[in-house]
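# Per-entry structural report
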Amino acid sequence: MTLLFRRFHSSPAFRLDVGDGKLWKDGCEILLGRKPFAILVHLATHQNRLVTQDELLETVLGKQAASESLVRTHVHRLRVVLGDGVIQTVAGRGYRFLPAVDNVDELRSVSDVDVPKLAKTSRSTIGRAQELACLETHFRRARERQRQLLFIDGDQGLGKTTLVDAFIEQTARGTRLVSARGACSQPFGRREPYVALFDALADLCRGAHRKRVVEVLARYAPTWLLQMPGIATDAEEERLRLRVRDSVEPRMLRELAEALDAIAAQTPLVIVLEDLQWADAATLNVIAALARSRTPSRMLLIATFRGSELAPRRHLAQVIGDATIEGRADLISLGSWTEVEVSDYLAVRFGRHAFPSGLAAAIGQLAAGNPLFTEILVDELESSRLLSPKDGIWTLSARSRQSPRGSRTAFVRRWTSRWSGTREPAERAAALVKERPAGFWPP
Ligand SMILES: Nc1ncnc2c1ncn2[C@@H]1O[C@H](COP(=O)(O)OP(=O)(O)O)[C@@H](O)[C@H]1O
Ligand SMILES: [Mg+2]
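Summary of the structure given here. (Residues numbered from 1 in each chain as written. Chains lettered and ligands numbered in written order. Predicted model: local features only at pLDDT ≥ 70, side-chain atom pairs only at ≥ 80, totals over all residues. Heavy atoms only, no water.)

### What to know about the sheet that holds strand 5 (residues 51–52)
With antiparallel pairing, three strands are arranged side by side in an open sheet as 5-7-6. The outermost strands of the open sheet, each flanked by one partner alone, are strand 5 and strand 6 (87–90). Against the sheet, helix 3 (residues 68–82) engages strand 6 and strand 7 (94–97), with an angle of about 145° to strand 6. (Pairing = 2+ DSSP bridges. Helix = DSSP H or I, 4+ residues; strand = E, 2+ residues; numbered from the N terminus. Contact = heavy atoms within 4.5 Å. Axes fitted to C-alpha atoms, helices over the stretch in contact; angles between N-to-C directions.)

### Looking at the nonpolar core
One finds Phe151, Leu204, Trp224, Leu269, Ile271, Leu273 and Leu276 to be the most contacted residues of the largest nonpolar core, which totals 58 residues. Among the elements that line this core, the one with the most residues is helix 8 (residues 195–206), at eight residues. If sequence neighbours within four positions are ignored, leucine 276 has contacts with Phe151, Cys184, Leu284, Ile287, Ala303, Thr304, Phe305 and Leu316. Among the nonpolar cores identified, the runner-up in size contains 34 residues, and Tyr345, Phe355, Ala430 and Leu432 belong to it. (Core = buried A, V, L, I, M, F, W, Y, C linked by side-chain atoms within 4.5 Å. Buried < 20%, exposed > 50% of the residue type's maximum accessible area, 1.4 Å probe, protein only.)

### As for the site of ligand 1
For ligand 1, the set of nearby residues contains 20 residues, the closest of which are Ile126, Lys160, Thr161, Thr162 and Glu375. Taking isoleucine 126, its main chain carries an N or O atom lying 2.8 Å from a nitrogen atom of ligand 1. For ligand 1, an oxygen atom lies 3.0 Å from a polar atom in the backbone of glycine 159. Elements with a contribution of two residues or more to the shell around ligand 1: helix 7 (160–174) and helix 17 (371–383). Residues that form the shell around ligand 1 fall into these classes: six nonpolar, eight polar and six charged. (Near = heavy atom within 4 Å. Polar contact = N/O pair within 3.5 Å; in protein donor to acceptor, adjacent residues only side chain to side chain. Nonpolar A, V, L, I, M, F, W, Y, C, P; charged D, E, K, R; others polar.)

### Description of the pairing of strand 7
In the sheet, strand 5 pairs with strand 7 via two bridges, with the strands oriented antiparallel. When the sheet's bridge partners are listed, threonine 52 is paired in strand 7 with glycine 94. Taking the residues between adjacent antiparallel strands as the criterion, strand 6 and strand 7 are bridged by three residues, where glycine 92 takes a positive phi near 75°.

### A look at helix 17
Under the 1.5 Å per step criterion, the end-to-end length of helix 17 is 18 Å for 13 residues, consistent within 8% with the ideal 18 Å. For helix 17, the tally of buried residues reaches 11 of 13 residues, placing the bulk of the element in the interior. For helix 17, every residue scored as buried is listed here: Pro371, Leu372, Phe373, Thr374, Glu375, Ile376, Leu377, Val378, Asp379, Glu380 and Leu381. Considering only its buried residues, helix 17 is in contact with helix 15 (339–350), helix 16 (359–366), strand 14 (387–390), helix 18 (408–418) and helix 19 (424–434). Between the side-chain oxygen at the start of helix 17 and the backbone nitrogen of leucine 372 there is a gap of 2.9 Å, and the oxygen is on asparagine 370. Within two residues after helix 17, arginine 385 carries a phi angle of roughly 65°, on the positive side. (Expected span 1.5 Å × (residues − 1).)

### Overview of the layout of surface pockets
Volume-wise, the second largest pocket comes out at about 270 Å³. Forming the walls of the second largest pocket are 16 residues, and the residues nearest its centre are Asp155, Gln156, Asn370, Trp419 and Gly421. Counted by class, the lining of the second largest pocket contains five nonpolar, eight polar and three charged residues. There are two domains that each give the lining of the second largest pocket at least three residues, and those are domain 2 (129–333) and domain 3 (336–443). (1 Å grid on protein atoms, 1.4 Å probe; cavity = no way out; pocket = protein on both sides within 12 Å on 5 of 7 lines; lining within 4 Å. Points joined across faces, edges and corners; volume = space filled by probe spheres on them. Domains from an automatic or database assignment.)

Here you go:
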């Protein structure tokens with residue numbers, strides 16, 4: 001069985017080869033442990049229904065050997081690989097797999113759907129030229145051994161991850177670099193410290209520089225390596241254990257800083273830590289320490305966060321404030337899309353279209369310039385046939401007689417499954433899409 005799904009309409013497709021035990025993203029294989037893989041298969045084959053923790057323990061992991069916290073660890077690993085908006089947590093009960101899933105074998109027999117096309121998408125980045133230039137400048141400085149720290153602030157869906165992806169993809173095409181990524185996730189029950197940093201280290205240990213990274217970690221950061229199962233061999237682990245007597249915070253902090261500098265000594269190193277609004281205190285202390293360090297290093301640390309969720313998190317606000325005020329870090333604040341960017345988005349997404357000139361402004365106004373909201377809204381317009389192709393050209397058919405897909409409530413439900421903010425904008429958008437009041441949609 002081969003399953004295909006995507007996070008969002010225009011994001012890369014994931015391909016799950018159940019028989020071969022492999023997961024692919026846009027043609028690249030993603031290494032997953034046996035158990036996270038089994039959990040993913042179970043979730044994807046029970047799409048959009050609640051899968052309880054007990055069910056996963058009983059059917060996938062084997063109840064004796066596994067615990068609920070292990071389920072959480074595996075699901076966290078899956079979220080790092082798949083991104084937000086794929087596995088939803090149903091608080092205290094379990095998980096729900098959100099994206100629509102296509103079974104390639106069935107598609108092949110039922111219709112002539114072009115499977116290779118589904119599996120391969122090129123994602124275009126709209127706008128953000130200035131932000132990309134800023135990232136490049138920081139990378140150039142890092143390459144000259146001036147350690148760099150850059151914070152990127154933007155609400156949910158404004159395009160932080162997309163910007164960083166585009167920067168790394170573009171830079172890696174012309175320069176040798178090592179990059180790794182880790183994400184903080186919304187706290188759910190007791191949380192382990194340093195999750196995002198362990199993810200980033202695990203990412204490094206899987207990449208092309210694996211051998212050197214593991215050697216560096218064994219030498220400079222044994223405490224970290226010992227807490228990453230499956231990376232060191234048993235014999236290495238035994239040796240490391242003799243050297244490590246405790247894993248207290250100052251020691252972990254020092255070890256990590258030395259290891260990262262050692263990795264960056266040969267090749268520029270870009271570490272991306274995402275969604276710091278959910279970071280634990282220990283992770284924030286590492287970032288503060290890296291910001292204070294004066295040792296020259298070819299390291300660029302990029303940290304993203306949602307500034308609007310900062311107020312109750314004084315620790316993060318203080319780390320960012322101190323580092324930027326002392327001139328040890330810079331900050332990019334992502335702005336909303338203007339009408340021009342919405343218009344570019346429509347052009348890239350639909351190719352040949354004859355939309356009225358006011359459409360981009362109407363969508364921009366409804367979506368408040370948020371790219372994710374724009375995407376959700378346009379998905380709805382398309383599936384409601386408000387946007388539809390006529391003789392190969394996409395048009396806005398404001399008075400279409402086709403029945404819109406589902407009810408207003410269904411729209412809001414789909415919207416809230418992809419968006420964790422308030423429902424109010426969804427209600428408003430749903431009314432305008434489903435009821436099509438005269439005067440809102442351009443003629
Ligand atoms: N500059 C952009 N160009 C094209 N699509 C974008 C852009 N920024 C964001 N998007 C789309 O909006 C959605 C949310 O973007 P994402 O980068 O995940 O936001 P964030 O990380 O800030 O929450 C993604 O599906 C992405 O495809
Ligand atoms: Mg993101």
